[in-house]
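The chain contents come next:
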Amino acid sequence: MKIRFETAQGTVVEAEASENDVLLAVAQGVGMPLEGTCEGQMACSTCHVVMERDWFAALPEASEDEEDMLDLAYGVRPTSRLACQIVLTEALDGLTVAIPAEARDMSGG
């Protein structure tokens, strides 16, 4: 399946993904600046992304823990999610995700 990432600079990067891949890993695999400091344990907000409204509606609802972490993220929007909590399904083929301008990957990777 194809996933599209839109950077804050307007660049679009396409990635190939498989069912059950985690969005964070796919994003990191194509060089998106998402740190994911807590390695998917929902203890940080460094993998914050913004979904297009239609795709946001197609996702399972965010857990209370995810909502709490999003409260700590910079540049949160109504369609914000944590990439570490999005497990890809075939229904998400073509998903478009915006990387917030505030995103930084301080890990150097």
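Here we summarise the structure given alongside this text. Since the model is a prediction, treat every value here as computed from it, not as a measurement. (Residues numbered from 1 in each chain as written. Predicted model: local features only at pLDDT ≥ 70, side-chain atom pairs only at ≥ 80, totals over all residues. Heavy atoms only, no water.)

Attention shifts here to the sheet that holds strand β4 (residues 80–82). Across the sheet, five strands lie side by side as β2-β1-β5-β3-β4; this open sheet has mixed pairing. The outermost strands of the open sheet, each flanked by one partner alone, are β2 (12–16) and β4. Within this sheet the neighbouring strands show an average axis-to-axis angle of 35°, counted without direction. (Pairing = 2+ DSSP bridges. Helix = DSSP H or I, 4+ residues; strand = E, 2+ residues; numbered from the N terminus. Axes fitted to C-alpha atoms, helices over the stretch in contact; angles between N-to-C directions.)

Let's shift gears to the nonpolar core. Ranked by internal contacts, the top residues of the largest apolar core, which has 29 residues, are Ile3, Phe5, Leu23, Leu34, Val49, Leu88 and Leu95. Sorting the residues of this core by element identifies β1 (2–6), β2, α1 (23–29), β3 (48–51) and α3 (64–70) as the ones contributing at least two each. A total of four residues in this core trace back to one element, the largest contributor, which is α1. Leaving out residues up to four positions away in the same chain, valine 49 has contacts with Leu23, Leu34, Thr79, Ser80, Arg81, Ala83, Val97, Ala98, Ile99 and Pro100. (Core = buried A, V, L, I, M, F, W, Y, C linked by side-chain atoms within 4.5 Å. Buried < 20%, exposed > 50% of the residue type's maximum accessible area, 1.4 Å probe, protein only. Contact = heavy atoms within 4.5 Å.)

With that settled, the discussion passes to a negative patch on the surface. Judged by side-chain charge, Glu61, Glu64, Asp65, Glu67, Asp68 and Asp71 come together as a negatively charged surface patch. With respect to the helices and strands, the residue aspartate 71 is situated in the loop between α3 and β4. (Patch = residues over 30% accessible without salt bridge, like charges linked within 9 Å, V, L, I, M, F, W, Y side chains within 5 Å. Areas by Shrake-Rupley, 256 points an atom, 1.4 Å probe, with all protein chains shown as cover. Salt bridge = Lys/Arg side-chain N within 4 Å of Asp/Glu carboxyl O. Lys, Arg positive; Asp, Glu negative; His and termini not counted. Charge placed at Lys NZ, Arg CZ, Asp CG, Glu CD.)

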